[in-house]
Amino acid sequence: MSASLPLVFDPPRRAMPPRHFADLDESGRAVAVAELGLPAFRAKQLANQYYGRLIADPRRMTDLPAGVRDQVAETLFPTLLDAVREIECDAAQTRKMLWRAVDGTTFESVLMRYPDRNTVCISSQAGCGMACPFCATGQGGLTRNLSTAEILEQVRAAAAELRDRDGGRLSNIVFMGMGEPLANYNRVLAAVRRIVAPPPNGFGISARSVTVSTVGLAPAIRKLADERLNVTLALSLHAPDDELRDTLVPVNNRWKVSEALDAARYYADVTGRRVSIEYALIRDVNDQPWRADILGKRLHGALGPLVHVNVIPLNPTPGSEWDASPKPVEREFVRRVRERGVSCTVRDTRGREIAAACGQLAAQS
């Protein structure tokens, strides 16, 4: 790998937020409750309030003795996120949140309501060190990893918003917001475990409804496969050839297309799950018919039926030289990929008018 490659796997050293109840696994919660001098059953009680009832303020937990609520709040439920800005579009079906953490860093999540599902797109880092030039987050660089609790608070807030608005239920979670999830592996893994665990140990969302995206950190993809959590893997490919991908996705200078696809095949073989290939279509950059042919051929050879391509119309950032491909070009690209025997669809885009591509709102603020 070139020494000048602008990739950051270890973020700048910044103080992590204070310990939160959501940072703790079941044994950690038991220890924390014991340290407060509370009976052991309070740990399960608090977990049921947080994960089951979506309450993060002990002062609202009516089954907790009034005399200990302040102490529990201060020691186990510090406020981690403040909503700095909320904007809606798509007839209020898409809502973007800009969050500010206790150290002043900002990151985003997007809640999208569909007729058949409710999806929240969450961040795993404040910023991103992967340096993809067409991405607003990549342009801004990496500030720090998010804690497990900061990740889970985005989920809890979305679930509570749906429930309180009209009794809706959060059904899908995608790690496609700010950051490279597999570069914050341990905290993301802990968050995923609590997302899929049934209450009182987690939110009880099906692993099949959780998607973890990556630009192609091949060793981490294999490691995630071996966890056997069976979440959906989304590989952000964006180019089928190394020459272009070296520029569009600089991590390709470390792990080439073939290595990323080999790791994706390993994930599919171990989990039995179909891998999603994300492909942001960029005008006159990666949308040529011959690249569609190469993409279809490589994916068919590497993954066979265990792959689906999501073509994503680029949501350009202000002042960027990058733009979305024209619709006729997009349709021809999809046709050619399908012609090679690979499932391919165009992703439904939401929130263009509210800067809903990851990193855009933070950049504006």
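Now for a look at the structure at hand. This is a predicted model, so every value here is computed, not measured.

In this structure the tally under the stated criterion is 26 salt bridges. Taking the shortest distance from any N to any O, the salt bridge between Arg336 and Asp293 comes out at 2.9 Å. With a gap of 43 residues between them, Arg336 in helix H11 (residues 327-339) and Asp293 in helix H10 (residues 289-303) connect regions that are remote in the sequence. We classify Arg336 as partly exposed; its relative accessible area is 21%. On the basis of relative accessible area, Asp293 is assigned to the buried category, the value being 17%. Here Arg335 ties to Glu332 by a salt bridge, and the two come within 2.9 Å at their closest N and O atoms. Separated by 3 residues within a single helix, Arg335 and Glu332 lie in helix H11, roughly one turn from each other.

Right, let's get into the packing of aromatic side chains. Taken as a whole and assessed by the stated rule, the structure comprises 7 aromatic pairs. On the numbers, 5.1 Å between centres and 20 degrees between planes, the contact of Phe21 with Phe77 is stacked. Highlighted residues: Phe21 in the segment before helix H1 (26-35) and Phe77 in the loop between helix H3 (66-76) and strand E1 (81-89), separated in sequence by 56 residues. Overall, the relative accessible area of 6% leaves Phe77 in the buried class.

As enumerated under the stated definition, the model contains 1 cavity of 30 Å³ or more in all. By volume, the largest cavity amounts to about 30 Å³. In terms of lining, the largest cavity is formed by Leu182, Tyr185, Val188, Leu189, Val192, Val212 and Leu224. If you tally residues by element for the lining of the largest cavity, the top one is helix H6 (residues 185-196), at 4 residues. The residue makeup of the lining of the largest cavity, split by class, is 7 nonpolar, no polar and no charged.

Right, let's get into the layout of surface pockets. In this structure, the second largest pocket encloses a volume near 470 Å³. Together, 28 residues line the second largest pocket, and Leu81, Trp99, Glu153, Arg156 and Ala157 are the ones closest to its centre. Where the lining of the second largest pocket is concerned, the elements lending two or more residues are E1, strand E2 (94-101), strand E3 (106-113) and helix H5 (148-166). Ranked by residues supplied to the lining of the second largest pocket, first place goes to H5 with 7 residues. Among the residues forming the lining of the second largest pocket, the class breakdown is 15 nonpolar, 4 polar and 9 charged.

The subject of this paragraph is the environment of Ile205. Checked against the element boundaries, Ile205 lands in the loop between H6 and strand E8 (210-214). In this structure the C-alpha to C-alpha distance between Ile205 and Asp25, which are 180 residues apart in sequence, comes to 17 Å.

What follows concerns unusual backbone geometry. The peptide bond linking Pro199 to Pro200 adopts the cis configuration, its omega dihedral lying at 10 degrees. Relative to the assigned elements, Pro200 resides in the loop between H6 and E8. Backbone geometry places Asp90, a non-glycine residue, at a positive phi of 50 degrees. Within the fold, Asp90 resides in the loop between E1 and E2. For Asp90, a relative accessible area of 28% gives the class partly exposed. Of note in this structure, Ala92 is not a glycine but carries a positive phi near 70 degrees.

Cut-offs used in this document
Residues numbered from 1 in each chain as written. Predicted model: local features only at pLDDT ≥ 70, side-chain atom pairs only at ≥ 80, totals over all residues. Heavy atoms only, no water. Salt bridge = Lys/Arg side-chain N within 4 Å of Asp/Glu carboxyl O. Helix = DSSP H or I, 4+ residues; strand = E, 2+ residues; numbered from the N terminus. Buried < 20%, exposed > 50% of the residue type's maximum accessible area, 1.4 Å probe, protein only. Phe/Tyr/Trp six-rings, centres within 6.5 Å; stacked < 30°, edge-to-face > 60°. 1 Å grid on protein atoms, 1.4 Å probe; cavity = no way out; pocket = protein on both sides within 12 Å on 5 of 7 lines; lining within 4 Å. Points joined across faces, edges and corners; volume = space filled by probe spheres on them. Nonpolar A, V, L, I, M, F, W, Y, C, P; charged D, E, K, R; others polar.

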